[in-house]
Amino acid sequence: MERAILLTGVGGQSVQLAAQILARAATREGRHVLYLGAYGGSMRGGNTDSTVVVGDDPLDTPPIVSRAWGALAMHPAYFDAVRRKLAPSSLLLVNSSIFEDDVAGDAQHVFDVPATELATELGNALAASLVLLGAFAGLTGIVTLESLVAAMRESVPAYRSQHLATNERALHTGFENLPRNAAPAWTEGAA
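Reading guide: rules and limits
Residues numbered from 1 in each chain as written. Predicted model: local features only at pLDDT ≥ 70, side-chain atom pairs only at ≥ 80, totals over all residues. Heavy atoms only, no water. 1 Å grid on protein atoms, 1.4 Å probe; cavity = no way out; pocket = protein on both sides within 12 Å on 5 of 7 lines; lining within 4 Å. Points joined across faces, edges and corners; volume = space filled by probe spheres on them. Helix = DSSP H or I, 4+ residues; strand = E, 2+ residues; numbered from the N terminus. Nonpolar A, V, L, I, M, F, W, Y, C, P; charged D, E, K, R; others polar. Core = buried A, V, L, I, M, F, W, Y, C linked by side-chain atoms within 4.5 Å. Buried < 20%, exposed > 50% of the residue type's maximum accessible area, 1.4 Å probe, protein only. Contact = heavy atoms within 4.5 Å.

A. Region of the structure containing the layout of surface pockets. If you add up the space inside the second largest pocket, you get close to 200 Å³. Lining the second largest pocket are 16 residues, and of these L6, D49, S50, T51 and K85 lie nearest its centre. Mapped by element, the contributors of at least two residues to the lining of the second largest pocket are β1 (2-10), β2 (32-39), β3 (47-55) and α2 (79-83). For the lining of the second largest pocket, a count of residues per class yields 10 nonpolar, 4 polar and 2 charged.

B. Just the nonpolar core, in detail. Core analysis: the largest hydrophobic core is formed by 44 residues, its most contacted members being I5, L93 and L133. A total of 9 residues in this core trace back to one element, the largest contributor, which is helix α4 (residues 128-140). Apart from the residues within four sequence positions on either side, I5 is in contact with L22, S50, T51, V52, V54, W69, G70, L72, F136 and I142. The next biggest cluster of nonpolar side chains, apart from the first, holds 14 residues, and it includes L6, V65, A68 and F79.

Now the structure itself:
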């Protein structure tokens, strides 16, 4: 089984951190992973995208994909490029705190998650990408919550350790507050 997951947003939303955590969590669970992060020259407000390819066997897909099984969209500014890559049976989680327009298009499974709002309630709006990541893992079963938390702790640099507790709560919040079995499981669907 091999799955390509796209993450998109603007600089400053921790999209790259979320992608790195997903990649590390899958590696912790013994899966094969390819990860590619791409971002513009500006630190905040510019385009930031990541691709994570996860598989049970050695991977055939390069981390530059034309079709994706799933996507996490933090901001609408650069979402159209990701939308075009979504397979018809894909899963899309949208940060509904920021997206104002309905994004239901080619994706069969679209979930609105008020990620920024939930992260703000936890005390740090920058943890919104982790709320979305927790929800994605909860819906798909691609990785466990325990692996996400461990991977987050490995990914956050020591000088940002003051954010560990909030980040962990953000992963838990996303994972625990959405219906289970409502989206294609890790082993279902095509892309």
